[in-house]
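Below are the chains, spelled out letter by letter.
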Protein chains: 2
Amino acid sequence: MDKWSQVTLNDVAREAGVSSATASRALNGTTRVRADLRERVLAAAERLAYTPNAHAQALARASSQAVGVICHDVSDPYFAGISGGVMRAAAEHDLHVIMGSTFRDPARELSYVSMMRGQRVRAILLTGSGFEDRAWQGAMREELARCAAAGTRIAAVSRHHGLRVDSVLPENRAGAAALARALLGLGHRDFAVLTGPPVITTVVDRLAGFQEALAEAGVRIAPDQIVEGAFSRDGGHRAASELVARGLRATCVFASTDIMAVGALAAFRDHGLTVPGDVSLAGFDDIPVVGDLTPPLTTVALPLEEIGRRVMALALRPATAGRSRVERVPGTVVLRASTSAPAARPRRERSPRPLTETPG
Amino acid sequence: MDKWSQVTLNDVAREAGVSSATASRALNGTTRVRADLRERVLAAAERLAYTPNAHAQALARASSQAVGVICHDVSDPYFAGISGGVMRAAAEHDLHVIMGSTFRDPARELSYVSMMRGQRVRAILLTGSGFEDRAWQGAMREELARCAAAGTRIAAVSRHHGLRVDSVLPENRAGAAALARALLGLGHRDFAVLTGPPVITTVVDRLAGFQEALAEAGVRIAPDQIVEGAFSRDGGHRAASELVARGLRATCVFASTDIMAVGALAAFRDHGLTVPGDVSLAGFDDIPVVGDLTPPLTTVALPLEEIGRRVMALALRPATAGRSRVERVPGTVVLRASTSAPAARPRRERSPRPLTETPG
DNA sequence: CTGAAAGCGCTTACAG
DNA sequence: CTGAAAGCGCTTACAG
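Report follows, based on the coordinates. If you're wondering where the values come from, they're calculated on a predicted model, not measured in any experiment. (Residues numbered from 1 in each chain as written. Chains lettered and ligands numbered in written order. Predicted model: local features only at pLDDT ≥ 70, side-chain atom pairs only at ≥ 80, totals over all residues. Heavy atoms only, no water.)

### Some details on the relation of the copies chain B and chain A
With an RMSD of 0.0 Å, the fit of chain B onto chain A corresponds to turning through 180 degrees and sliding 0.0 Å along the axis. One copy is carried onto the other by what is essentially a two-fold rotation axis. Same-surface contact between copies: 100% of interface residues of chain B are shared with the interface of chain A. (Least-squares fit on C-alpha atoms with pLDDT ≥ 70 in both. Contact = heavy atoms within 4.5 Å.)

### Looking at the pattern of salt bridges
Residues and elements named next belong to chain A. The tally for this structure, following the rule as stated, stands at 48 salt bridges over all chains. Across the pair arginine 159 and aspartate 205 runs a salt bridge, and its minimum N-O distance is 2.8 Å. Here aspartate 205 lies in helix α9 (residues 201-216) and arginine 159 lies in the loop between β4 (153-157) and β5 (166-170), a separation of 46 residues in the sequence. Salt bridges linked by common partners bring Arg88, Glu92, Glu305 and Arg309 together as one network. (Salt bridge = Lys/Arg side-chain N within 4 Å of Asp/Glu carboxyl O. Helix = DSSP H or I, 4+ residues; strand = E, 2+ residues; numbered from the N terminus.)

### Things to note about the protein's contact with DNA strand C
Looking at DNA strand C, there are 23 residues lining it, with Leu9(A), Ser24(A), Tyr50(A), Arg25(B) and Leu37(B) nearest. Sugar and phosphate atoms represent 69% of those atoms of DNA strand C found within 4 Å of the protein. Elements that contribute at least two residues to the surface near DNA strand C include exactly α2 (20-28) and α4 (54-61) of chain A together with α2 (20-28) and α4 (54-61) of chain B. Counted by class, the surface near DNA strand C contains 11 nonpolar, seven polar and five charged residues. (Near = heavy atom within 4 Å. Nonpolar A, V, L, I, M, F, W, Y, C, P; charged D, E, K, R; others polar.)

### Thoughts on the protein's contact with DNA strand D
Surrounding DNA strand D, one finds 23 residues, the nearest of these being Arg25(A), Leu37(A), Leu9(B), Ser24(B) and Tyr50(B). Of what DNA strand D places within 4 Å of the protein, 69% of the atoms are sugar or phosphate. Here a phosphate oxygen of DNA strand D sits 2.5 Å away from a polar atom, N or O, in the side chain of Ser24(B). Within the contact set of DNA strand D, a phosphate oxygen lies 3.1 Å away from a backbone nitrogen or oxygen of Asn53(B). Looking at the surface near DNA strand D, the elements with two or more residues in it are α2 and α4 of chain A together with α2 and α4 of chain B. When the residues that make up the surface near DNA strand D are grouped by side-chain class, the tally is 11 nonpolar, seven polar and five charged. (Polar contact = N/O pair within 3.5 Å; in protein donor to acceptor, adjacent residues only side chain to side chain.)

### Digging into the environment of His188(A)
All names here are of chain A. Looking at where histidine 188 falls in the secondary structure, it is placed in the loop between α8 (172-185) and β6 (191-195). Residue classification places histidine 188 among the buried positions, given a relative accessible area of 0%. Along the primary structure histidine 188 and proline 342 are separated by 154 residues, whereas in three dimensions their C-alpha atoms are 5.9 Å apart. Excluding anything up to four places from it in sequence, histidine 188 contacts Leu183, Thr251, Cys252, Ser280, Ser340, Ala341 and Pro342. Separated by 2.6 Å, the side chains of histidine 188 and threonine 251 make a polar contact. (Buried < 20%, exposed > 50% of the residue type's maximum accessible area, 1.4 Å probe, protein only.)

### Overview of the packing of helix α6 (residues 106-118) of chain A against helix α7 (residues 134-149) of chain A
Residue and element names in this part refer to chain A. The interhelical angle for the contact between α6 and α7, taken along N-to-C directions, is 10 degrees, at an axis separation of 10 Å. Taken together, the axes of α6 and α7 are roughly parallel relative to one another. Facing Pro106, Glu109, Leu110, Val113, Ser114 and Arg117 of α6, the residues of α7 in contact are Trp136, Ala139, Met140, Glu143, Leu144, Arg146 and Cys147. Looking at the contact of α6 with α7 residue by residue, the class counts come to eight nonpolar, one polar and four charged. (Axes fitted to C-alpha atoms, helices over the stretch in contact; angles between N-to-C directions. Parallel < 35°, antiparallel > 145°, perpendicular 65-115°, else oblique.)

### Regarding the interface of chain B and chain A
Each partner contributes to the interface: chain B provides 55 residues, whereas chain A provides 55 residues. Buried area between chain B and chain A, summed over both chains or domains, comes out near 4800 Å², and the portion from carbon and sulfur atoms is 55%. Where chain B touches chain A, the interface holds two salt bridges. Put simply, Arg233(A) and Asp292(B) hold a salt bridge, and the shortest N to O gap is 2.6 Å. The tally of links between chain B and chain A comes to 19 residue pairs in polar contact (both at pLDDT 80 or more). (Buried area = accessible area lost by both parts, 1.4 Å probe.)

### Thoughts on the side chain of Asp292(B)
By secondary structure assignment, the location of Asp292(B) is in the loop between β9 (280-282) and β10 (299-301). For Asp292(B), the residues in contact, after removing those within four places along its chain, are Arg233(A), Val262(A), Ala266(A), Arg269(A) and Leu293(A).

### Digging into the packing of aromatic side chains
Per the stated rule, a full pass over the model turns up eight aromatic pairs over all chains. Relative to Phe210(B), the ring of Phe191(B) lies with its centre 5.6 Å away and its plane at 85 degrees, an arrangement referred to as edge-to-face. Highlighted residues: Phe191(B) in strand β6 (residues 191-195) and Phe210(B) in helix α9 (residues 201-216), separated in sequence by 19 residues. Under the relative-accessibility criterion, Phe210(B) is labelled buried at 0%. An aromatic cluster is present here, built from Phe191(A), Phe210(A) and Phe254(A) joined pairwise through their rings. One Lys or Arg, Arg206(A), reaches over the ring of Phe284(A) and ends 3.8 Å from the middle of that ring. If you follow Arg88(B) out to its NZ or CZ, it ends over the ring of Phe103(A), 3.7 Å from the centre. (Phe/Tyr/Trp six-rings, centres within 6.5 Å; stacked < 30°, edge-to-face > 60°. Lys NZ or Arg CZ within 6 Å of the ring centre and 35° of its normal.)

Written out as structure tokens, the structure is:
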């Protein structure tokens, strides 16, 4: 009934009538063991339902079979998608996954890394994007140096400013720029952006790329048409409502994340605005559901599962001395029905219902 | 650069000029340690960036700080939601989460449990529903007995036939029955069901509950109006298309999972059928997005995150001798626009477009 | 309160 | 090929 009832290697050895060294070798297949002894050991292990104590193995071997994965929130479809790829890859390589959700708290990210270092994981995957925060970067850099010293590999998804780790980089900047050009191509000149917390590098990059491409076409977004919100469905809903409250002058709104776009779509509907009739709407990521919305959302598609597999692959490759490896993953602009040419009719017609109505 | 450069407790002890026993006690706060010595140890640990080797601790203490979580697929919104709750709870209790995705392979579920037993986790959470498979149940029962013998707690979400483990039971049967009654209340008498793989207990329960309630009203579903598909968006799309191909005679379709309903909604649209004009559609789970679809989906809401927290809480409570604990979580019928009274017009008008058109 | 020592369950040079 | 022994890094009775 208690912990001491565990079957140990010694039990197996005794049962098989050999030394624990031989039992270990037979079980691991590391060294040649006389066939009949091996058989006896295997049979004994089977009979006793022996499972090696992973901690003892890790201690004796000075290495474990685990990798650590840190994301912002597994229940967010973006991370759920990446995590799916990571889990597949882990299963293929017989690795255990220790998962940590930071809920976007930089301090928690730091403490997870140190915890995983304590677990002596083979590698740590940082799948959330970095934070634009000097102090945090410094602390993280120190922590990662300790990991490196311990032989723990590090690989990241997205840009982690000042960390120089091997990374899979979704082309947030270029993707947003390409999206902007596509929207310009539809005839839009007045844009608004729903953006996330500016400490998150992904947010910065997408906004920068979008504005850059617009600037090349001589188009500028009015400051009051850039609204910040939480990276969530409700955050998008609130941000879009805020935009409407400020007076929506744009013909096209870019939500820097699909999940925000989902909320924005609902908000526009709640305010009596049709998409794309009154306003076009585009997102980023191509999470599973956006193609099934009405209208389906224009977005920049990222191969989330593949990103997960690739960051794992990167982490499993031995470190290269000196500089860090970077793999870029392009985003693909997917034009769907949520964006169309801007309506030719006068502004008045696009004005929202009075704000006294309750949004959903 | 290599694994041997780890800072150990001995290094800290030496640096602080005390024995490793004292260093250990100071760090853990288990026993009174003279204040000045404690200070010196803490300072030394800080200076050396010491992180205890979790494996050595687990070995010496004969217990670890980890819990194992096994689900079918983290990237599925249902499990993503539950996992979110589990992660929160884990963070609150300072537990590490080892996560395994089985991709609905019973063998993999078994091997994960044994692997986690090897990790000597405190508890294992089975968040996927069980399999209706005798052989598997037998093997799992043995495996769980070994866990129990090792002091590893087990808790599950959903019904695991023949396993008698502490469980959080979403009321699949009652929820589906309540949904059926609500749909009957709208005036429907002709139903179809899109169901999942019948080895999954959740599938069995939802279908049974739905049919049961219909039977009480004297309504029966024609066998050819029950279509099986994969538990995924595309599985739902294919199942709905198959239903249309067979000749959709129902005025209302129940998809046993929201994720299937999402696919079904798209399929109906692709076939030129409007929801709920031509056919009403309902799902189950209330995953985040279904309220934002057009039309928003009627469903049975399950508090996914809370289910996650509760299964963790259950696992953390000590085992009760003898019988297993069961916590029921009711589902709430949420009527949305995807279901309405059946159209009064003749069948002809609801007939689909010819099947030669390509579905999306 | 503190330290020397044994022990947790494995692996792996080191001798045979 | 096999076994006795040391060692992985910690914790914890056991004596002081």
